[in-house]
There are 2 protein chains.
Amino acid sequence: MKSAIDLFEPIRIVLVESSHSGNIGAAARAMKVMGLSRLVLVAPRAAVDEVARARASGANDVLAGAKLVANLEDALAGCVYAVAATSRAREISPATGNARQAADALLQHAGQGECALVFGNETSGLTNEHVRLCQAVATIPTSDTYGSLNLAAAVQVFSYELRMSMMASAGIALRPEPAGITDVPATLDEIEGLMHHCETALATIGFFDPANPKRLLPRLRRLFGKARLEREEVNILRGILGAAERRHERDR
Amino acid sequence: MKSAIDLFEPIRIVLVESSHSGNIGAAARAMKVMGLSRLVLVAPRAAVDEVARARASGANDVLAGAKLVANLEDALAGCVYAVAATSRAREISPATGNARQAADALLQHAGQGECALVFGNETSGLTNEHVRLCQAVATIPTSDTYGSLNLAAAVQVFSYELRMSMMASAGIALRPEPAGITDVPATLDEIEGLMHHCETALATIGFFDPANPKRLLPRLRRLFGKARLEREEVNILRGILGAAERRHERDR
(Lines give C-alpha, C1' and ligand atoms only; values in the text may rest on other atoms or scores of the structure.)
Protein backbone atom coordinates (compact mmCIF):
# COMPACT_ATOMS: atom_id res chain seq x y z
CA MET A 1 0.00 0.00 0.00
CA LYS A 2 1.30 3.43 -0.88
CA SER A 3 2.04 5.72 2.06
CA ALA A 4 0.55 9.18 2.45
CA ILE A 5 3.86 10.67 1.37
CA ASP A 6 3.82 8.73 -1.91
CA LEU A 7 0.21 9.64 -2.67
CA PHE A 8 0.68 13.32 -1.82
CA GLU A 9 4.13 13.72 -3.37
CA PRO A 10 2.81 14.76 -6.82
CA ILE A 11 0.48 17.40 -5.31
CA ARG A 12 1.64 20.99 -5.06
CA ILE A 13 -0.25 23.78 -3.30
CA VAL A 14 -0.02 27.03 -5.25
CA LEU A 15 -0.71 30.40 -3.61
CA VAL A 16 -1.13 33.21 -6.14
CA GLU A 17 -0.19 36.77 -5.11
CA SER A 18 -0.82 36.24 -1.40
CA SER A 19 -0.99 39.55 0.50
CA HIS A 20 -0.36 38.46 4.10
CA SER A 21 2.78 36.87 5.50
CA GLY A 22 0.75 35.29 8.28
CA ASN A 23 -1.48 33.51 5.79
CA ILE A 24 1.52 32.09 3.91
CA GLY A 25 2.92 30.69 7.16
CA ALA A 26 -0.44 29.38 8.35
CA ALA A 27 -1.00 27.74 4.95
CA ALA A 28 2.33 25.90 5.30
CA ARG A 29 1.25 24.63 8.72
CA ALA A 30 -2.19 23.63 7.40
CA MET A 31 -0.48 21.62 4.66
CA LYS A 32 2.10 19.88 6.82
CA VAL A 33 -0.37 18.84 9.49
CA MET A 34 -2.24 16.93 6.76
CA GLY A 35 0.91 15.47 5.21
CA LEU A 36 1.42 17.84 2.27
CA SER A 37 4.84 19.41 1.72
CA ARG A 38 5.12 21.12 -1.67
CA LEU A 39 4.31 24.82 -1.61
CA VAL A 40 4.63 27.17 -4.62
CA LEU A 41 4.29 30.93 -4.23
CA VAL A 42 3.35 32.89 -7.35
CA ALA A 43 4.48 36.54 -7.19
CA PRO A 44 3.70 36.90 -3.46
CA ARG A 45 2.80 40.43 -2.32
CA ALA A 46 3.99 39.67 1.21
CA ALA A 47 7.35 38.54 2.51
CA VAL A 48 8.15 35.13 3.92
CA ASP A 49 9.27 36.81 7.12
CA GLU A 50 9.19 36.39 10.90
CA VAL A 51 5.39 36.67 10.94
CA ALA A 52 5.13 33.87 8.37
CA ARG A 53 7.58 31.70 10.29
CA ALA A 54 5.75 32.24 13.58
CA ARG A 55 2.44 31.16 12.05
CA ALA A 56 4.08 28.21 10.28
CA SER A 57 5.17 26.94 13.70
CA GLY A 58 6.62 23.45 13.16
CA ALA A 59 6.13 23.71 9.38
CA ASN A 60 9.08 25.99 8.77
CA ASP A 61 10.60 23.31 6.52
CA VAL A 62 7.60 23.58 4.17
CA LEU A 63 7.96 27.36 4.18
CA ALA A 64 11.72 27.23 3.60
CA GLY A 65 11.24 24.77 0.74
CA ALA A 66 8.58 26.89 -0.98
CA LYS A 67 9.29 27.56 -4.65
CA LEU A 68 8.94 31.15 -5.84
CA VAL A 69 7.78 31.70 -9.42
CA ALA A 70 6.69 34.72 -11.43
CA ASN A 71 3.39 33.52 -12.86
CA LEU A 72 0.83 30.74 -12.68
CA GLU A 73 2.02 29.15 -15.94
CA ASP A 74 5.41 28.54 -14.33
CA ALA A 75 3.75 27.22 -11.19
CA LEU A 76 1.79 24.67 -13.24
CA ALA A 77 4.71 23.53 -15.40
CA GLY A 78 4.65 19.74 -15.79
CA CYS A 79 1.20 19.34 -14.24
CA VAL A 80 -1.41 17.01 -15.72
CA TYR A 81 -4.25 18.37 -13.60
CA ALA A 82 -4.90 21.61 -11.77
CA VAL A 83 -7.84 22.65 -9.61
CA ALA A 84 -8.69 26.30 -8.99
CA ALA A 85 -10.10 26.97 -5.52
CA THR A 86 -12.61 29.76 -5.94
CA SER A 87 -15.45 31.22 -3.94
CA ARG A 88 -17.70 32.05 -6.86
CA ALA A 89 -19.03 30.36 -9.97
CA ARG A 90 -17.72 31.54 -13.34
CA GLU A 91 -19.69 32.25 -16.46
CA ILE A 92 -17.58 29.80 -18.41
CA SER A 93 -15.83 27.48 -16.08
CA PRO A 94 -14.39 24.02 -16.35
CA ALA A 95 -15.84 21.16 -14.35
CA THR A 96 -17.09 22.44 -11.01
CA GLY A 97 -17.32 20.70 -7.68
CA ASN A 98 -16.82 21.13 -3.97
CA ALA A 99 -13.64 20.62 -1.94
CA ARG A 100 -14.48 16.97 -1.23
CA GLN A 101 -15.01 16.12 -4.88
CA ALA A 102 -11.87 18.05 -5.83
CA ALA A 103 -9.81 16.10 -3.30
CA ASP A 104 -10.99 12.81 -4.78
CA ALA A 105 -10.21 14.01 -8.30
CA LEU A 106 -6.77 15.32 -7.32
CA LEU A 107 -5.80 12.03 -5.71
CA GLN A 108 -6.96 10.11 -8.77
CA HIS A 109 -4.92 12.29 -11.10
CA ALA A 110 -1.93 12.25 -8.76
CA GLY A 111 -1.58 8.59 -9.72
CA GLN A 112 -0.82 9.74 -13.26
CA GLY A 113 1.38 12.80 -12.82
CA GLU A 114 1.95 16.12 -11.15
CA CYS A 115 -1.11 17.95 -9.87
CA ALA A 116 -1.80 21.40 -8.44
CA LEU A 117 -4.36 23.02 -6.17
CA VAL A 118 -4.43 26.78 -6.75
CA PHE A 119 -5.54 29.54 -4.35
CA GLY A 120 -5.91 33.21 -5.26
CA ASN A 121 -5.22 36.47 -3.52
CA GLU A 122 -7.02 37.15 -0.21
CA THR A 123 -9.04 40.05 -1.58
CA SER A 124 -9.44 39.47 -5.28
CA GLY A 125 -9.20 35.67 -5.58
CA LEU A 126 -8.19 34.14 -8.90
CA THR A 127 -8.73 35.97 -12.18
CA ASN A 128 -10.59 34.35 -15.05
CA GLU A 129 -7.21 33.99 -16.79
CA HIS A 130 -5.91 32.00 -13.82
CA VAL A 131 -8.98 29.79 -13.78
CA ARG A 132 -8.67 29.09 -17.51
CA LEU A 133 -5.29 27.44 -16.87
CA CYS A 134 -6.96 24.87 -14.60
CA GLN A 135 -9.05 21.81 -15.48
CA ALA A 136 -11.50 22.12 -12.63
CA VAL A 137 -12.94 24.64 -10.22
CA ALA A 138 -13.74 23.81 -6.62
CA THR A 139 -15.55 25.75 -3.94
CA ILE A 140 -15.94 25.37 -0.19
CA PRO A 141 -19.59 25.83 0.77
CA THR A 142 -20.04 28.85 3.05
CA SER A 143 -22.78 30.78 4.75
CA ASP A 144 -25.08 32.78 2.49
CA THR A 145 -24.60 35.86 4.64
CA TYR A 146 -20.82 35.73 5.24
CA GLY A 147 -18.58 33.89 2.81
CA SER A 148 -15.20 35.41 3.65
CA LEU A 149 -13.11 32.32 4.29
CA ASN A 150 -9.56 33.07 5.37
CA LEU A 151 -6.94 31.90 2.84
CA ALA A 152 -5.09 29.62 5.26
CA ALA A 153 -8.44 28.27 6.51
CA ALA A 154 -9.32 27.37 2.91
CA VAL A 155 -5.96 25.63 2.50
CA GLN A 156 -6.71 23.78 5.76
CA VAL A 157 -10.11 22.56 4.58
CA PHE A 158 -8.79 21.35 1.20
CA SER A 159 -5.73 19.72 2.81
CA TYR A 160 -8.01 18.01 5.32
CA GLU A 161 -10.24 16.73 2.52
CA LEU A 162 -7.17 15.43 0.68
CA ARG A 163 -6.18 13.49 3.81
CA MET A 164 -9.72 12.14 4.31
CA SER A 165 -9.83 11.09 0.65
CA MET A 166 -6.38 9.51 0.87
CA MET A 167 -7.38 7.52 3.93
CA ALA A 168 -10.54 6.30 2.21
CA SER A 169 -8.79 5.40 -1.04
CA ALA A 170 -5.58 3.94 0.39
CA GLY A 171 -7.38 0.66 0.98
CA ILE A 172 -8.28 0.20 -2.68
CA ALA A 173 -5.05 1.56 -4.16
CA LEU A 174 -4.04 -1.93 -5.27
CA ARG A 175 -6.95 -2.32 -7.69
CA PRO A 176 -5.47 -3.11 -11.14
CA GLU A 177 -5.77 -0.55 -13.90
CA PRO A 178 -8.29 -1.35 -16.64
CA ALA A 179 -6.49 -2.88 -19.61
CA GLY A 180 -6.42 -1.42 -23.10
CA ILE A 181 -5.44 2.11 -23.94
CA THR A 182 -2.67 3.48 -21.78
CA ASP A 183 -3.94 6.89 -20.73
CA VAL A 184 -1.01 9.26 -20.60
CA PRO A 185 -2.67 12.51 -19.61
CA ALA A 186 -1.64 15.60 -21.52
CA THR A 187 0.39 18.13 -19.55
CA LEU A 188 -0.86 21.68 -19.17
CA ASP A 189 1.90 22.83 -21.54
CA GLU A 190 0.56 20.44 -24.18
CA ILE A 191 -2.97 21.77 -23.68
CA GLU A 192 -1.70 25.33 -24.06
CA GLY A 193 0.09 24.29 -27.27
CA LEU A 194 -3.16 22.81 -28.55
CA MET A 195 -5.11 25.96 -27.67
CA HIS A 196 -2.58 28.10 -29.53
CA HIS A 197 -2.77 25.77 -32.54
CA CYS A 198 -6.58 25.99 -32.49
CA GLU A 199 -6.39 29.77 -32.56
CA THR A 200 -4.06 29.94 -35.58
CA ALA A 201 -5.53 27.03 -37.56
CA LEU A 202 -9.15 28.06 -37.07
CA ALA A 203 -8.20 31.58 -38.19
CA THR A 204 -6.50 30.13 -41.28
CA ILE A 205 -9.56 28.13 -42.33
CA GLY A 206 -11.82 31.10 -41.65
CA PHE A 207 -13.77 29.71 -38.69
CA PHE A 208 -12.27 32.05 -36.14
CA ASP A 209 -11.87 35.81 -36.42
CA PRO A 210 -9.19 36.99 -33.96
CA ALA A 211 -10.66 40.51 -34.21
CA ASN A 212 -14.03 39.18 -33.03
CA PRO A 213 -13.18 36.17 -30.90
CA LYS A 214 -16.52 35.82 -29.10
CA ARG A 215 -16.51 32.74 -26.88
CA LEU A 216 -15.12 30.10 -29.23
CA LEU A 217 -11.74 29.52 -27.58
CA PRO A 218 -13.10 29.41 -24.00
CA ARG A 219 -15.73 26.91 -25.18
CA LEU A 220 -13.07 24.68 -26.75
CA ARG A 221 -10.91 24.94 -23.63
CA ARG A 222 -13.85 23.87 -21.52
CA LEU A 223 -14.60 20.93 -23.83
CA PHE A 224 -10.96 19.77 -23.65
CA GLY A 225 -11.06 20.11 -19.88
CA LYS A 226 -14.17 17.97 -19.62
CA ALA A 227 -12.52 15.29 -21.76
CA ARG A 228 -9.32 15.33 -19.62
CA LEU A 229 -7.32 15.06 -22.82
CA GLU A 230 -4.58 12.48 -23.15
CA ARG A 231 -1.30 13.13 -24.92
CA GLU A 232 -2.26 10.99 -27.91
CA GLU A 233 -5.56 12.85 -28.24
CA VAL A 234 -3.72 16.17 -28.29
CA ASN A 235 -1.53 14.73 -31.07
CA ILE A 236 -4.59 13.61 -33.06
CA LEU A 237 -6.33 16.98 -32.69
CA ARG A 238 -3.17 18.83 -33.69
CA GLY A 239 -2.84 16.46 -36.63
CA ILE A 240 -6.34 17.41 -37.77
CA LEU A 241 -5.63 21.12 -37.34
CA GLY A 242 -2.34 20.74 -39.22
CA ALA A 243 -4.03 18.88 -42.09
CA ALA A 244 -6.67 21.61 -42.37
CA GLU A 245 -3.95 24.28 -42.43
CA ARG A 246 -1.66 22.48 -44.86
CA ARG A 247 -4.42 21.69 -47.35
CA HIS A 248 -5.22 25.34 -47.38
CA GLU A 249 -1.58 26.38 -47.86
CA ARG A 250 -1.02 23.79 -50.62
CA ASP A 251 -4.24 24.55 -52.47
CA ARG A 252 -3.83 28.25 -52.38
CA MET B 1 -37.03 22.86 5.24
CA LYS B 2 -35.12 24.28 8.15
CA SER B 3 -32.55 26.93 7.35
CA ALA B 4 -28.90 26.71 8.37
CA ILE B 5 -29.59 29.17 11.15
CA ASP B 6 -32.34 26.97 12.58
CA LEU B 7 -30.24 23.83 12.41
CA PHE B 8 -27.14 25.48 13.85
CA GLU B 9 -28.88 27.62 16.47
CA PRO B 10 -28.63 24.99 19.25
CA ILE B 11 -24.90 24.44 18.63
CA ARG B 12 -22.34 26.36 20.70
CA ILE B 13 -18.59 26.34 20.10
CA VAL B 14 -16.69 26.29 23.40
CA LEU B 15 -13.02 27.35 23.62
CA VAL B 16 -11.40 26.35 26.91
CA GLU B 17 -8.52 28.47 28.26
CA SER B 18 -7.38 29.74 24.86
CA SER B 19 -3.91 31.33 25.00
CA HIS B 20 -3.85 33.46 21.83
CA SER B 21 -6.10 36.39 20.98
CA GLY B 22 -5.53 35.77 17.28
CA ASN B 23 -6.88 32.24 17.58
CA ILE B 24 -10.02 33.44 19.35
CA GLY B 25 -10.67 35.92 16.55
CA ALA B 26 -9.87 33.45 13.78
CA ALA B 27 -12.14 30.87 15.42
CA ALA B 28 -15.02 33.37 15.35
CA ARG B 29 -14.41 33.95 11.63
CA ALA B 30 -14.17 30.18 10.99
CA MET B 31 -17.54 29.72 12.69
CA LYS B 32 -19.37 32.57 10.99
CA VAL B 33 -18.21 31.66 7.49
CA MET B 34 -19.89 28.26 7.99
CA GLY B 35 -23.04 29.73 9.54
CA LEU B 36 -22.34 29.21 13.26
CA SER B 37 -22.74 32.11 15.66
CA ARG B 38 -22.64 31.01 19.31
CA LEU B 39 -19.20 31.22 20.90
CA VAL B 40 -18.44 30.49 24.57
CA LEU B 41 -15.03 31.30 26.10
CA VAL B 42 -14.07 29.37 29.23
CA ALA B 43 -11.52 31.23 31.37
CA PRO B 44 -9.57 32.57 28.38
CA ARG B 45 -5.87 33.22 28.99
CA ALA B 46 -5.81 35.86 26.23
CA ALA B 47 -7.79 39.03 25.79
CA VAL B 48 -10.49 39.63 23.20
CA ASP B 49 -8.49 42.57 21.93
CA GLU B 50 -7.51 44.35 18.71
CA VAL B 51 -5.57 41.30 17.50
CA ALA B 52 -8.63 39.11 18.00
CA ARG B 53 -10.86 41.62 16.23
CA ALA B 54 -8.46 41.92 13.27
CA ARG B 55 -8.39 38.15 12.78
CA ALA B 56 -12.18 37.92 13.23
CA SER B 57 -12.54 40.27 10.25
CA GLY B 58 -16.27 40.37 9.40
CA ALA B 59 -17.12 38.10 12.33
CA ASN B 60 -16.76 40.76 15.00
CA ASP B 61 -20.42 40.25 15.89
CA VAL B 62 -19.69 36.64 16.86
CA LEU B 63 -16.73 37.81 18.92
CA ALA B 64 -18.72 40.59 20.57
CA GLY B 65 -21.52 38.16 21.38
CA ALA B 66 -19.18 35.58 22.93
CA LYS B 67 -20.20 34.44 26.40
CA LEU B 68 -17.50 34.38 29.07
CA VAL B 69 -17.75 31.69 31.75
CA ALA B 70 -15.44 30.48 34.51
CA ASN B 71 -15.45 26.74 33.87
CA LEU B 72 -16.56 24.06 31.42
CA GLU B 73 -19.52 23.00 33.59
CA ASP B 74 -20.99 26.48 33.15
CA ALA B 75 -20.24 26.41 29.42
CA LEU B 76 -22.19 23.17 29.04
CA ALA B 77 -25.19 24.28 31.10
CA GLY B 78 -28.40 23.18 29.42
CA CYS B 79 -26.69 20.95 26.87
CA VAL B 80 -28.02 17.51 25.95
CA TYR B 81 -24.87 16.54 24.05
CA ALA B 82 -21.25 17.67 24.05
CA VAL B 83 -18.34 16.59 21.87
CA ALA B 84 -14.72 17.05 22.98
CA ALA B 85 -12.33 17.81 20.12
CA THR B 86 -9.02 16.21 20.98
CA SER B 87 -5.86 15.26 19.16
CA ARG B 88 -5.12 12.11 21.09
CA ALA B 89 -6.96 9.02 22.25
CA ARG B 90 -7.71 8.79 25.95
CA GLU B 91 -7.17 5.89 28.23
CA ILE B 92 -10.75 6.19 29.39
CA SER B 93 -12.80 8.01 26.81
CA PRO B 94 -16.42 8.09 25.75
CA ALA B 95 -17.51 7.21 22.20
CA THR B 96 -14.80 8.23 19.74
CA GLY B 97 -15.04 9.29 16.12
CA ASN B 98 -13.63 11.69 13.58
CA ALA B 99 -14.78 15.23 12.81
CA ARG B 100 -17.15 14.06 10.09
CA GLN B 101 -18.89 11.57 12.35
CA ALA B 102 -19.01 14.12 15.16
CA ALA B 103 -20.66 16.67 12.87
CA ASP B 104 -23.38 14.18 11.93
CA ALA B 105 -23.95 13.28 15.59
CA LEU B 106 -24.06 16.94 16.67
CA LEU B 107 -26.66 17.79 14.03
CA GLN B 108 -28.78 14.82 15.06
CA HIS B 109 -28.69 15.81 18.71
CA ALA B 110 -29.27 19.47 17.84
CA GLY B 111 -32.75 18.44 16.85
CA GLN B 112 -33.36 17.49 20.48
CA GLY B 113 -31.70 20.27 22.43
CA GLU B 114 -28.62 22.37 23.07
CA CYS B 115 -25.29 20.92 21.94
CA ALA B 116 -21.64 21.88 22.38
CA LEU B 117 -18.38 21.29 20.57
CA VAL B 118 -15.45 21.84 22.94
CA PHE B 119 -11.85 22.78 22.08
CA GLY B 120 -8.96 22.85 24.56
CA ASN B 121 -5.95 25.07 25.11
CA GLU B 122 -3.44 25.42 22.23
CA THR B 123 -0.62 23.71 24.11
CA SER B 124 -2.21 21.35 26.59
CA GLY B 125 -5.54 20.52 24.96
CA LEU B 126 -8.43 19.32 27.13
CA THR B 127 -7.81 17.64 30.46
CA ASN B 128 -9.31 14.25 31.26
CA GLU B 129 -11.68 16.10 33.61
CA HIS B 130 -12.90 18.23 30.68
CA VAL B 131 -13.36 15.17 28.47
CA ARG B 132 -15.38 13.37 31.15
CA LEU B 133 -17.99 16.13 30.96
CA CYS B 134 -18.59 15.32 27.28
CA GLN B 135 -20.55 12.45 25.69
CA ALA B 136 -18.18 11.90 22.76
CA VAL B 137 -14.61 12.52 21.67
CA ALA B 138 -13.71 13.49 18.11
CA THR B 139 -10.37 13.82 16.38
CA ILE B 140 -9.21 15.33 13.10
CA PRO B 141 -6.87 12.91 11.30
CA THR B 142 -3.39 14.40 10.91
CA SER B 143 0.02 13.44 9.62
CA ASP B 144 1.91 10.83 11.64
CA THR B 145 4.98 13.06 11.70
CA TYR B 146 3.39 16.46 12.47
CA GLY B 147 0.04 16.65 14.22
CA SER B 148 0.07 20.22 15.51
CA LEU B 149 -3.19 21.57 14.14
CA ASN B 150 -3.78 25.25 14.90
CA LEU B 151 -6.78 25.86 17.20
CA ALA B 152 -8.66 28.08 14.74
CA ALA B 153 -7.86 25.64 11.92
CA ALA B 154 -9.44 22.86 13.98
CA VAL B 155 -12.52 25.03 14.58
CA GLN B 156 -12.59 25.64 10.80
CA VAL B 157 -12.49 21.94 9.93
CA PHE B 158 -15.24 21.03 12.43
CA SER B 159 -17.40 24.01 11.38
CA TYR B 160 -16.93 23.02 7.73
CA GLU B 161 -17.95 19.44 8.51
CA LEU B 162 -21.04 20.74 10.33
CA ARG B 163 -21.98 22.72 7.23
CA MET B 164 -21.36 19.75 4.92
CA SER B 165 -23.46 17.55 7.19
CA MET B 166 -26.21 20.16 7.40
CA MET B 167 -26.31 20.50 3.60
CA ALA B 168 -26.48 16.73 3.17
CA SER B 169 -29.25 16.36 5.73
CA ALA B 170 -31.18 19.33 4.42
CA GLY B 171 -31.12 17.82 0.95
CA ILE B 172 -29.04 20.62 -0.53
CA ALA B 173 -27.10 19.40 -3.53
CA LEU B 174 -23.40 19.35 -2.74
CA ARG B 175 -22.48 19.92 -6.35
CA PRO B 176 -22.99 23.56 -7.24
CA GLU B 177 -24.34 24.00 -10.73
CA PRO B 178 -21.98 25.78 -13.08
CA ALA B 179 -23.41 29.17 -13.84
CA GLY B 180 -23.92 30.58 -17.30
CA ILE B 181 -23.91 27.83 -19.84
CA THR B 182 -27.04 25.78 -20.09
CA ASP B 183 -25.75 22.29 -20.64
CA VAL B 184 -28.05 20.61 -23.13
CA PRO B 185 -26.47 17.22 -23.66
CA ALA B 186 -26.15 16.08 -27.25
CA THR B 187 -28.43 13.25 -28.30
CA LEU B 188 -27.02 10.01 -29.66
CA ASP B 189 -28.25 10.98 -33.16
CA GLU B 190 -26.32 14.22 -32.91
CA ILE B 191 -23.16 12.34 -31.86
CA GLU B 192 -23.61 9.94 -34.80
CA GLY B 193 -24.08 12.91 -37.14
CA LEU B 194 -20.84 14.39 -35.80
CA MET B 195 -18.98 11.08 -36.27
CA HIS B 196 -20.20 10.83 -39.87
CA HIS B 197 -19.18 14.43 -40.48
CA CYS B 198 -15.70 13.69 -39.01
CA GLU B 199 -15.31 10.78 -41.41
CA THR B 200 -16.16 12.76 -44.55
CA ALA B 201 -14.45 16.03 -43.61
CA LEU B 202 -11.22 14.41 -42.39
CA ALA B 203 -11.10 12.42 -45.63
CA THR B 204 -11.59 15.64 -47.59
CA ILE B 205 -8.71 17.43 -45.88
CA GLY B 206 -6.52 14.33 -46.23
CA PHE B 207 -6.17 13.38 -42.56
CA PHE B 208 -8.24 10.21 -42.82
CA ASP B 209 -7.97 7.43 -45.38
CA PRO B 210 -11.24 5.40 -45.47
CA ALA B 211 -9.30 2.52 -47.08
CA ASN B 212 -6.93 2.41 -44.09
CA PRO B 213 -9.00 3.69 -41.17
CA LYS B 214 -6.80 2.44 -38.30
CA ARG B 215 -8.10 3.63 -34.94
CA LEU B 216 -8.78 7.30 -35.65
CA LEU B 217 -12.58 7.24 -35.55
CA PRO B 218 -12.82 5.01 -32.43
CA ARG B 219 -10.34 7.34 -30.71
CA LEU B 220 -12.43 10.41 -31.57
CA ARG B 221 -15.60 8.65 -30.43
CA ARG B 222 -13.93 7.84 -27.11
CA LEU B 223 -12.78 11.45 -26.70
CA PHE B 224 -16.30 12.77 -27.37
CA GLY B 225 -17.67 10.26 -24.89
CA LYS B 226 -15.28 11.36 -22.16
CA ALA B 227 -16.29 14.99 -22.74
CA ARG B 228 -20.02 14.15 -22.55
CA LEU B 229 -20.60 16.51 -25.47
CA GLU B 230 -23.29 19.13 -25.30
CA ARG B 231 -25.45 20.11 -28.25
CA GLU B 232 -23.68 23.44 -28.71
CA GLU B 233 -20.31 21.73 -28.67
CA VAL B 234 -21.44 19.38 -31.43
CA ASN B 235 -22.48 22.46 -33.40
CA ILE B 236 -19.08 24.11 -32.86
CA LEU B 237 -17.17 20.99 -33.90
CA ARG B 238 -19.34 20.54 -37.01
CA GLY B 239 -18.80 24.22 -37.78
CA ILE B 240 -15.04 23.69 -37.70
CA LEU B 241 -15.28 20.58 -39.90
CA GLY B 242 -17.52 22.44 -42.33
CA ALA B 243 -15.12 25.40 -42.54
CA ALA B 244 -12.21 23.04 -43.26
CA GLU B 245 -14.23 21.30 -46.03
CA ARG B 246 -15.48 24.50 -47.61
CA ARG B 247 -12.04 26.07 -47.60
CA HIS B 248 -10.74 23.00 -49.40
CA GLU B 249 -13.58 22.95 -51.94
CA ARG B 250 -13.22 26.64 -52.64
CA ASP B 251 -9.45 26.49 -52.97
CA ARG B 252 -9.47 23.45 -55.23
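As shown above, the structure is provided for reference.
What counts, and at which threshold
Along each chain, residue indices are assigned from 1 in the same order as the chain's sequence is written. A letter from A marks each chain and a number from 1 marks each ligand, given out in the order of writing. It should be noted that, the model being predicted, local features are given only for residues of pLDDT at least 70 and side-chain atom pairs only at 80 or more, the latter also being counted only at that level, while totals for whole chains, interfaces and linings use all residues. As a rule here, side-chain values come from all non-hydrogen atoms in the structure, and water together with hydrogens is ignored. For helices the rule is a DSSP run of H or I covering at least 4 residues; for strands it is a run of E covering at least 2, with both sets numbered from the N terminus onward. Relative accessibility thresholds used throughout: buried, under 20% of the residue-type maximum; exposed, over 50%; partly exposed, between the two (1.4 Å probe, protein chains only). When checking whether two residues touch, look at their non-hydrogen atoms; a contact exists if any pair is within 4.5 Å. Only strands that DSSP links by at least two bridges are regarded as paired with each other. Angles here are taken between N-to-C directions and fall from 0 to 180 degrees, while the axes themselves are lines fitted to C-alpha atoms, restricted in helices to the stretch in contact. Between the rings of Phe, Tyr and Trp (Trp by its six-membered ring), a pair exists once the centres lie within 6.5 Å; its type follows the angle of the planes, with under 30 degrees stacked, over 60 edge-to-face, and the other angles tilted. Cation placement over rings: the criterion is NZ of Lys or CZ of Arg within 6 Å of the ring centroid and within 35° of the ring normal. Each cavity reported here is a set of points on a 1 Å grid over the protein atoms alone in which a 1.4 Å probe fits but cannot get out, each pocket an open set with protein on both sides within 12 Å along at least five of seven lines, and each lining residue one with an atom within 4 Å of a point. Grid points are joined across faces, edges and corners, and a volume is the space filled by probe spheres set on the points. Note on residue categories: nonpolar means Ala, Val, Leu, Ile, Met, Phe, Trp, Tyr, Cys or Pro, charged means Asp, Glu, Lys or Arg, and polar means any other residue, Gly included. Using a 1.4 Å probe, buried area is obtained as the accessible area two parts lose upon being combined, added over both of them. What makes a salt bridge here is a side-chain nitrogen of Lys or Arg within 4 Å of a carboxyl oxygen of Asp or Glu, nothing more. Polar contact criterion, stated in full: a pair of N or O atoms within 3.5 Å, where within protein one must be able to donate a hydrogen and the other to accept it, and residues adjacent in sequence count only if both atoms are side-chain atoms.

Asks: I'd like a description of the side chain of S159 of chain A, backed by residues and values.
Replies: Residue and element names in this part refer to chain A. With respect to the helices and strands, S159 occurs in helix α8 (residues 151-170). Among the residues examined, S159 registers a relative accessible area of 1% and is labelled buried. Residues in contact with S159, not counting those within four places in the same chain, are A30, M31, M34 and L36.

Asks: How would you sum up the sheet that holds strand β5 (residues 95-98) of chain A? Please name residues and give values.
Replies: Residue and element names in this part refer to chain A. Read across the sheet, 7 strands follow the order β3-β2-β1-β6-β4-β7-β5 without closing on themselves; strand pairing throughout is parallel. Each edge of the open sheet carries a strand with a single partner, namely β3 (67-69) and β5. Geometrically, the sheet is characterised by an average inter-axis angle of 25° between neighbouring strands, direction not taken into account. Summarising the sheet, strand β4 (residues 79-85) and strand β6 (residues 114-119) pair through 6 bridges and their orientation is parallel.

Asks: I'd like a rundown of the packing of aromatic side chains, residues and numbers included.
Replies: Counted by the stated rule, this structure contains 2 aromatic pairs over all chains. When the centroid spacing of 5.5 Å and the interplanar angle of 80° are considered together, the rings of F119 of chain A and F158 of chain A count as edge-to-face. Linking F119 of chain A in strand β6 with F158 of chain A in helix α8, this pair joins segments that are 39 residues apart in sequence. The exposure class of F119 of chain A is buried, given its relative accessible area of 3%. Between K32 of chain A and the ring centre of Y146 of chain B, over which it is positioned, the NZ or CZ distance is 4.9 Å.

Asks: Lay out the layout of surface pockets with the relevant residues and their values.
Replies: Volume-wise, the second largest pocket comes out at about 920 Å³. Lining the second largest pocket are 45 residues, and of these R29 of chain A together with L149, N150, L151 and A152 of chain B lie nearest its centre. When residues of the lining of the second largest pocket are traced back to their parent elements, those giving at least two are α2 (21-33), α3 (50-56) and α8 of chain A together with α2 (21-33), α3 (50-56), β7 (136-139) and α8 (151-169) of chain B. No other element matches the 6 residues that α8 of chain B contributes to the lining of the second largest pocket. By residue class, the composition of the lining of the second largest pocket is 19 nonpolar, 19 polar and 7 charged.

Asks: Could you give an account of the interface of chain A and chain B, with specific residues and numbers?
Replies: Taken together, the 68 residues of chain A in the interface contact 65 residues of chain B. Of the roughly 5800 Å² buried between chain A and chain B, counting both surfaces, carbon and sulfur atoms make up 61%. Put simply, chain A and chain B have 12 salt bridges between them. A salt bridge links R219 of chain B to E233 of chain A; the shortest N-O distance between them is 3.9 Å. Here chain A is connected to chain B by 20 residue pairs in polar contact (both at pLDDT 80 or more). Secondary structure elements with two or more residues in the side of chain A that touches chain B: α2, α3, β5, α6 (99-110), α8, α9 (188-204), α10 (216-227) and α11 (231-251) of chain A. Counting residues per element, the side of chain A that touches chain B draws most heavily on α11 of chain A, at 11 residues.

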